Amino acid sequence: ELNTPLTYIMGNLELLEAQKLDSAQREMLSSIARGSERIKSLAQSLLAFSRPSHEDMVPLALNELIERSLELCHYQILKGGVRLEKSLAPDLPRVTGVSNQLEMALINLTVNAVHAMEGTGGKLTVSSALKGPEVEIAVSDEGPGIPDDIQPTLFEPFVTTKPAGKGTGLGLSTVLMIVERHQGKIDFKTAPGAGTTFRIRLPAAT
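Cut-offs applied
- Residues numbered from 1 in each chain as written.
- Predicted model: local features only at pLDDT ≥ 70, side-chain atom pairs only at ≥ 80, totals over all residues.
- Heavy atoms only, no water.
- Buried < 20%, exposed > 50% of the residue type's maximum accessible area, 1.4 Å probe, protein only.
- Helix = DSSP H or I, 4+ residues; strand = E, 2+ residues; numbered from the N terminus.
- Axes fitted to C-alpha atoms, helices over the stretch in contact; angles between N-to-C directions.
- Left-handed = near helix turned anticlockwise from the far one by under 90°.
- Contact = heavy atoms within 4.5 Å.
- Nonpolar A, V, L, I, M, F, W, Y, C, P; charged D, E, K, R; others polar.
- Phe/Tyr/Trp six-rings, centres within 6.5 Å; stacked < 30°, edge-to-face > 60°.
- Polar contact = N/O pair within 3.5 Å; in protein donor to acceptor, adjacent residues only side chain to side chain.
- 1 Å grid on protein atoms, 1.4 Å probe; cavity = no way out; pocket = protein on both sides within 12 Å on 5 of 7 lines; lining within 4 Å.
- Points joined across faces, edges and corners; volume = space filled by probe spheres on them.
- Salt bridge = Lys/Arg side-chain N within 4 Å of Asp/Glu carboxyl O.

Draft legend 1. Representation of helix α6 (residues 171–181) in the model. With 8 of 11 residues buried, α6 is to be regarded as a mostly interior element. Of all the positions in α6, only Gly-171, Leu-172, Ser-173, Thr-174, Val-175, Met-177, Ile-178 and Val-179 are classed as buried.

Following this line, the structure appears as structure tokens:
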């Protein structure tokens, strides 16, 4: 597994960052940290693609899953300088799924939304609601929107709207795969200068 040595490397980087370093040394450490994060992200996405999970699906409280996912994204949200607004409907029925897979999907959508507002700020809105026999999660940003030419292939592997050197292009294709494994659906609405909203709908557990 790649995660163990990467965790070791990143732990050592944190120790080094606590030392007295000049600006050039700190920039070098930052570059190594960014590279390690990209390798880790790529490895996780490739594993999710190539090795379907055999974990049992169990009833899950969706709002709790959303809260855990946002907590794991706390640093990214803080670093991105965006405002987080939550609108979670109470007393939602449970959904049947694998917790860590659905968290991975939500983390991908959240980080993408933060990246869309990088440098400009804005509001990140995460909501949940009951829609008939399905439970819906929505993740919205106030970024520039998704270009028309990318929209038809957005969920295909290695398609990305991020600048060169950022992102693997596997995030949304991984999200789609996870949602479909859970018998759900995902779509998005976007407009130039008006942001983007991704919606996941999952069957409510019976």
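Draft legend 2. Inspection of the packing of helix α5 (residues 99–116) against α6 at higher detail. α6 packs onto α5 with a crossing angle of 145° between their chain directions and a minimal axis gap of 9 Å. Here α5 and α6 pass one another in a crossing that is left-handed. Contacts between α5 and α6 involve Gln-101, Leu-102, Met-104, Ala-105, Asn-108, Leu-109 and Asn-112 on the former and, on the latter, Gly-171, Leu-172, Thr-174, Val-175, Ile-178 and Arg-181. Its residues assigned to classes, the contact of α5 with α6 comprises 7 nonpolar, 5 polar and 1 charged.

Draft legend 3. Spotlight on the packing of aromatic side chains. Within the structure shown, the criterion is met by 3 aromatic pairs. Ring centres of Phe-155 and Phe-188 lie 6.1 Å apart, and the angle between their planes is 50°; this geometry places the pair in the tilted category. With Phe-155 in the loop between β5 (134–141) and α6 and Phe-188 in strand β6 (residues 185–191), this residue pair connects regions lying 33 residues apart in the sequence. For the pair Phe-188 and Phe-198, a centre-to-centre distance of 5.6 Å together with 40° between the ring planes defines the contact as tilted. Remark: Phe-198 occurs in strand β7 (residues 195–203) and Phe-188 occurs in strand β6; sequence separation between them is 10 residues. Of the residues examined, Phe-198 reaches a relative accessible area of 9% and is grouped as buried.

Draft legend 4. Main features of the side chain of Ser-140. The residue Ser-140 is located in strand β5 in this model. At 2.7 Å, the side chain of Ser-140 forms a polar contact with the side chain of Thr-197.

Draft legend 5. Representation of empty space enclosed by the protein. The final tally for this structure, using the stated rule, is 1 cavity of 30 Å³ or more. Size it by volume and the largest cavity reaches roughly 40 Å³. Looking at the largest cavity, the residues that line it are Leu-62, Leu-65, Leu-102, Ala-105, Leu-106, Ile-137, Ile-200 and Leu-202. Secondary structure elements with two or more residues in the lining of the largest cavity: α3 (62–72), α5 and β7. Examining the composition of the lining of the largest cavity, we find that 3 residues originate from one element, α5, more than from any other. Across the lining of the largest cavity, the residue classes break down as 8 nonpolar, no polar and no charged.

Draft legend 6. Main features of the pattern of salt bridges. Going through the model one piece at a time under the given rule, you end up with 7 salt bridges. Across the pair Glu-67 and Lys-86 runs a salt bridge, and its minimum N-O distance is 2.9 Å. Pair noted here: Glu-67 is in helix α3 and Lys-86 is in strand β2 (residues 83–88), with a separation of 19 residues, a long-range link. Here Glu-136 makes a salt bridge to Arg-201, at a shortest N to O gap of 3.0 Å. Of this pair, Glu-136 sits in strand β5 while Arg-201 sits in strand β7, placing them 65 residues apart in sequence. Classification of Glu-136 by relative accessible area gives buried; the value is 8%. Connected through shared salt-bridge partners, Glu-134, Glu-136, Lys-185, Arg-199 and Arg-201 make up one network.

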